[in-house]
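# Tertiary structure, described
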Amino acid sequence: RLMGGDPSHLALESALQTGPNAVLISEESARDQETLPTIVNRLCDLFKNRHEEGKDFGTILIPDGLLAHLSHYSSIIEELNEAFGKCETHEELDTLEERLLNSEDTGEILTPWSTSVFNILPDFTKKQLFITRKITGKFDLAQLQTEKLISHLIAEELKKRKKETGVKIPFSPVTHFFGYQGRGSLPSLFDCSLASTYGYTAGSLIEHGLTGICVTARGLMSDPADWKVGGVPFISLMDKKSKSSIYGRDKVYIKSEEVDLNAFVYQKAKVNSKQWEMNDNFINPGPIQLFGEGKDRVNMKTHLQADKYSKQVSTIKDLCNLIQRRCTFADDAGILKAAIASLQGVDQTL
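Numbers given for residues are sequential positions, taken from 1 along each chain in its written order. Under the rules for a predicted model, residues below a pLDDT of 70 receive no local features and side-chain atom pairs below 80 are neither given nor counted, while totals for whole chains, interfaces and linings still include all residues. Each side-chain value is derived from all of the structure's non-hydrogen atoms; neither hydrogens nor water enter the calculation.

On to the overall build of the protein. Under the DSSP-based scheme used, a helix requires at least four consecutive residues in state H or I and a strand at least two consecutive residues in state E, with every element numbered from the N terminus. Helix and strand counts for the protein come out as 13 helices and six strands. Over its C-alpha atoms, taken along the principal directions, the protein stretches across nearly 85 × 55 × 50 Å. For the protein, the proportion of its 350 residues judged to be buried stands at 32%. When contacts within the protein are restricted to residue pairs at least 6 apart in sequence, long-range pairs at least 24 apart make up 65% of them. Exposure classes here rest on a 1.4 Å probe applied to the protein chains alone. A residue is buried below 20% of its type maximum, exposed above 50%, and partly exposed in between. Every residue pair with non-hydrogen atoms within 4.5 Å of one another is taken to be in contact.

What follows is the structure in structure tokens.
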């Protein structure tokens with residue numbers, strides 16, 4: 001399982017860098033309206049196909065926010081937050097927690113659909129939910145050991161399939177959570193340049209009396225001296241959470257940008273995923289250091305987006321030059337007027 005909150009950016013980037021046999025993208029599961037049993041069955045089918053090829057091993061990447069993107073689990077969290085939000089004392093909170101751990105009482109608290117989903121959760125997952133609420137004041141699916149939950153459900157499904165078909169598929173999962181360990185590595189030269197640029201830009205904005213600004217940079221594939229930097233007001237990025245989500249209080253927050261399923265980065269991973277399933281193309285990109293081969297490495301998403309951005313800007317420049325040449329020898333005032341109107345419209349859009 002990979003850190004990253006609700007979006008699957010880190011899982012997507014890691015997949016492009018390492019070539020796992022499968023990567024779960026939360027936004028894709030939400031789009032396809034998948035349920036957790038659907039995902040488990042999909043992975044079991046993959047294990048079956050690899051077993052038939054004599055490949056009883058593999059790697060699966062799971063994002064932090066997978067469960068939060070599954071509608072049936074989102075509904076459970078909303079109902080749990082609402083139920084606990086009505087409690088006024090610690091005794092009431094403890095009593096409600098005990099009732100939820102007793103499957104016979106769950107139906108009196110949650111809707112029938114949520115009750116059925118909640119009751120299939122193993123005890124260790126339920127306890128993790130309640131511990132998270134005690135610490136943060138809310139139920140947070142991203143804090144659950146999703147990798148252990150999925151491993152548990154896969155093991156149960158494979159046992160069920162063995163009874164039905166008589167075929168035993170070996171399954172000995174080794175789960176791991178790449179949290180702070182994964183983001184505590186040494187920075188590359190690109191990381192150092194980006195951090196110092198952000199810091200310098202932030203200082204410059206403050207010096208000129210601009211606060212409450214989020215620093216931004218474009219053109220990151222070029223030399224740092226050519227980067228285009230600026231700022232976006234935080235208030236334009238903010239949204240508000242409902243009262244029942246954080247100890248009964250309103251809370252302003254900045255919503256994370258989710259993976260764009262129409263973007264080239266996701267499409268590239270989607271195409272590669274078919275090959276990753278059966279062909280073992282595992283890649284170890286190696287440590288990121290200040291010296292050696294990886295010192296100037298830029299993540300795949302930035303590289304692919306920058307490449308597309310550069311091509312688009314180049315196309316615009318070519319079109320502008322072409323329009324200028326054609327207008328130089330144009331003698332039809334109507335055409336020139338139409339060209340001016342169109343270009344003014346583009347200018348307003350930009």
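Here we come to the pattern of salt bridges. Think of a salt bridge as a Lys or Arg side-chain nitrogen and an Asp or Glu carboxyl oxygen that are within 4 Å of each other. For the structure shown, the criterion picks out 14 salt bridges. Here Arg50 ties to Asp280 by a salt bridge, and the two come within 2.9 Å at their closest N and O atoms. Highlighted residues: Arg50 in helix H3 (residues 36–52) and Asp280 in the loop between helix H11 (264–278) and helix H12 (300–328), separated in sequence by 230 residues. By relative accessible area, Arg50 is classed as buried at 2%. We note a salt bridge from Lys134 to Glu97, for which the minimum N-O separation is 3.7 Å. One end of the pair, Lys134, is in helix H8 (residues 123–136); the other, Glu97, is in helix H5 (residues 90–101), and 37 residues separate them in sequence. On the basis of relative accessibility, which here comes to 48%, the residue Lys134 falls in the partly exposed class. On the basis of relative accessible area, Glu97 is assigned to the buried category, the value being 13%. Shared partners join several salt bridges into a network, and the residues in it are Glu28, Arg31, Asp32 and Lys270.

Our next topic: the environment of Ser29. Of note, Ser29 is situated in helix H2 (residues 26–31). The class of Ser29 is buried, set by a relative accessible area of 1%. Separated by 40 residues in the primary sequence, Ser29 and His69 place their C-alpha atoms 7.1 Å from one another. The residues touching Ser29, leaving out its near neighbours within four places in the chain, are Glu34, Ile39, Arg42, Leu66 and Leu70.

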